[in-house]
Amino acid sequence: MHLIRANYPNQPVQFSWKLPRSKSLWARHLLLDAMESKELNILQEDATPIDIRALAQALQAFKAGEMCLDVCESGTSMRLLLALLVARTDRPIHLRGQGRQHQRPIAPLVSALRQLGARIDYLGEEGFPPLAIHPTRLEGKIMELDASSSSQYLSALFLLAPILSSGVRIDTSRHTLASRPYAEMTRQLLAYRGYLWEEESTGVFIYRGKQQALAGSREIEADWSAASYAYALLALLPVGSSCTLSGLHLPSLQGDAEALCQIFTTLGVTTTEGSSGVCLTKQTEKATPFFRFSMHSCPDLVPSVVVALIGRGIPFRLEGVAHLRIKESDRLLALKEELAKLGYDLLIEDDALSWDGKRGSYIKGTLLSAHGDHRIAMALALLALQEGSLQLDSPDVVSKSFPGYWEVLAHTGLFI
């Protein structure tokens, strides 16, 4: 159990956060290096997210000749690594995970890879890890893909570019692509190295082969998803409060950057770029009386946005959220259950999450659960600013993406 105490300030607060590197960018760089048979650039830092450590260990185990790979609780690693193994393995490999990994669907990616010629077997329930991958030649030219629940399926196929021949097609036209900015991030990283995927208006992606590499930095930017908790915190603080976030850039390959700037402008928080990062400033207490937004392209921001809106007492309707049910937790259910303990009754629909702006009765001091989910833990913690104190189970789950989270909260001088 973790007791979080906080004091609401009576004047503006200025602070700075050091964010972890983007694990989405980091994972894609590692996988692309492995696809190109390059030496892996695995940075050893105290702030290295557990997901990146798990991916790095799995890649090293594969290189060492091991036949059973475990990516722990990293869904990104499970999906992206599967494509690498299909392309590169010369021996049978078992790929498994931990936590909810074996409950998170992977059938759309397996189906697409089989169309390419992959030999993949399910070792447990059909459609879910663990998986057995067998050596084979990938000679298919057309893949149909349903990426409506995760863009990582499409990113995994994009990352096969170093071993594909020109003209391979990925047809996503029958389904709406979830979290498109993450797939576009992957496509842009590949373009920097000369691998060109071209999208037709029909939703078909065509591989044009190896081209001249574009100018682009190999630097791994700080994590805009992690920045969402600083935005949410600023939205709750007095006007005039500000926060400096080093290592972020505008514009950014990370789609969450644009979404955060847009969402929190309506809550009075502005974003400006400086020489070493960005600065957030709470400019006004005025905010939209009702907030409505599609989170389809930025699902990782939902917990922090929900907490900011509830903390400000702003009723909302967030749409495009159905795929949050298959994250590290069922994030819709986790938010509903935990916020109900604080008197906030959220409504879950098929593809929407809403709140009417009313707060009911609650028992102060009730233990909140993170549901084993780093983003739920980090978001809920911010409400200590309103409540004075909160009790939260399993605080260590934040290490999945933001190992130094409790330290940066304490650094604000507001949280104990």
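Participant: Please set out the nonpolar core residue by residue, giving values where relevant.
Facilitator: Soluble, globular proteins show a tendency: their nonpolar side chains are buried together. If you look at the biggest cluster of nonpolar residues, it comprises 81 residues, and the most contacted ones within it are W17, F264 and Y405. For this core, the leading source of residues is helix α7 (residues 224-236), giving 11 residues. Dropping the residues within four chain positions of it, Y405 is found in contact with W17, Y229, M378, A381, L382 and V398. Counting residues in hydrophobic clusters, the runner-up holds 62 residues, among them L69, V71, M143 and L190.

Participant: Lay out the pairing of strand β2 (residues 14-18) with the relevant residues and their values.
Facilitator: Burial along β2 is one-sided: F15 and W17 are buried, while Q14, S16 and K18, pointing the other way, are not. As judged from the 5 bridges shared by β2 and strand β11 (residues 242-246), these two strands associate in the parallel manner. Looking at the pairing, F15 lines up with C243 of β11.

Participant: If you had to explain empty space enclosed by the protein to someone new, which residues and values would you point to?
Facilitator: A full pass over the atoms with the stated rule returns 3 cavities of 30 Å³ or more. The volume enclosed by the largest cavity comes to roughly 350 Å³. Residue lining of the largest cavity: 28 residues in total, with T76, Q152, Y182, D300 and K327 positioned closest to the centre. Among the elements of the structure, α1 (23-35), α3 (75-88) and α6 (180-192) are those that each provide at least two residues to the lining of the largest cavity. In the lining of the largest cavity, the residues fall into 4 nonpolar, 12 polar and 12 charged. Roughly 70 Å³ of internal volume is contained in the second largest cavity. Residue lining of the second largest cavity: K341, L342, Y362, I363, K364, G365, T366, E387, S389, L390 and Q391, and that is the complete set. The element contributing the most residues to the lining of the second largest cavity is strand β19 (residues 389-392), with 3 residues. Residue classes in the lining of the second largest cavity are distributed as 4 nonpolar, 4 polar and 3 charged.

Participant: Hey, could you go over the environment of T281 for me, with residue numbers and the actual values?
Facilitator: When you line up the elements, T281 lands in strand β13 (residues 277-282). Sequence spacing of T281 and V269 is 12 residues, and the spatial spacing of their C-alpha atoms is 5.4 Å. The contacts of T281, once residues within four sequence positions are left out, are L234, S241, S242, G268, V269 and T270.

Participant: Describe the side chain of S150, and please don't skip the residues or the numbers.
Facilitator: With respect to the helices and strands, S150 occurs in the loop between β7 (142-144) and α5 (152-158). Side-chain polar atoms of S150 contact the side chain of R79, separated by 3.3 Å. Engagement of the side chain of S150 in a polar contact is seen with the backbone nitrogen of Q152, the distance being 3.1 Å. Apart from the residues within four sequence positions on either side, S150 is in contact with R79 and A178.

Participant: Could you give an account of the pattern of salt bridges, naming the residues involved and the relevant values?
Facilitator: Summed over the entire model, instances satisfying the criterion amount to 29 salt bridges. The partner of D51 in a salt bridge is K400, with the nearest N and O atoms 2.7 Å apart. Separated by 349 residues along the polypeptide, D51 in helix α2 (residues 50-63) and K400 in the loop between β19 and α13 (405-411) bring together distant segments of the chain. Put simply, E199 and R187 hold a salt bridge, and the shortest N to O gap is 3.8 Å. In this pair, E199 sits in strand β9 (residues 195-199) while R187 sits in helix α6, placing the two residues 12 residues apart along the sequence. For E199, a relative accessible area of 30% translates into the label partly exposed. A cluster of three or more residues bridged by salt bridges with shared partners is formed by K23, D51, D300, K327, E328, R331, D373, R375 and K400.

Participant: Explain unusual backbone geometry to me, and be specific about the residues and the numbers.
Facilitator: Residue P130 follows P129 across a cis peptide bond; omega there is 5°. Tracing the backbone through its elements, the reader meets P130 in the loop between β5 (119-122) and β6 (131-134). Of the consecutive residues L250 and P251, the connecting peptide bond is found in the cis state with omega at -5°. As for its position among the elements, P251 is in the loop between β11 and α8 (255-265). Notably, S37 is not glycine yet its phi reads approximately 60°, a positive angle.

Participant: Talk me through the packing of aromatic side chains; I want residue IDs and the actual numbers.
Facilitator: Going through the model one piece at a time under the given rule, you end up with 13 aromatic pairs. Taken together, a centroid distance of 5.9 Å and an interplanar angle of 20° make the contact between F291 and F293 stacked. With respect to burial, F291 and F293 carry one shared label: buried. Between F402 and Y405, the ring centres sit 5.4 Å apart and the planes meet at 65°, which makes this aromatic pair edge-to-face. For the pair F402 and Y405, a shared accessibility class is recorded, and that class is buried. Looking at K210, its charged tip hangs above the ring of Y195, at a distance of 5.0 Å from the centre.

Participant: I'd like a rundown of α3, residues and numbers included.
Facilitator: The first and last C-alpha atoms of α3 sit 20 Å apart over 14 residues, in line with the 20 Å expected at 1.5 Å per residue. The axis of α3 is deflected most strongly, by about 25°, at L81. The element α3 is extensively covered by neighbouring structure, given that 12 of its 14 residues are classed as buried. Here α3 has its buried residues at G75, T76, S77, M78, R79, L80, L81, L82, A83, L84, L85 and V86.

About the thresholds
Residues numbered from 1 in each chain as written. Predicted model: local features only at pLDDT ≥ 70, side-chain atom pairs only at ≥ 80, totals over all residues. Heavy atoms only, no water. Core = buried A, V, L, I, M, F, W, Y, C linked by side-chain atoms within 4.5 Å. Buried < 20%, exposed > 50% of the residue type's maximum accessible area, 1.4 Å probe, protein only. Helix = DSSP H or I, 4+ residues; strand = E, 2+ residues; numbered from the N terminus. Contact = heavy atoms within 4.5 Å. Pairing = 2+ DSSP bridges. 1 Å grid on protein atoms, 1.4 Å probe; cavity = no way out; pocket = protein on both sides within 12 Å on 5 of 7 lines; lining within 4 Å. Points joined across faces, edges and corners; volume = space filled by probe spheres on them. Nonpolar A, V, L, I, M, F, W, Y, C, P; charged D, E, K, R; others polar. Polar contact = N/O pair within 3.5 Å; in protein donor to acceptor, adjacent residues only side chain to side chain. Salt bridge = Lys/Arg side-chain N within 4 Å of Asp/Glu carboxyl O. Phe/Tyr/Trp six-rings, centres within 6.5 Å; stacked < 30°, edge-to-face > 60°. Lys NZ or Arg CZ within 6 Å of the ring centre and 35° of its normal. Expected span 1.5 Å × (residues − 1). Bend = angle between axes of the 7 residues up to and from the residue.

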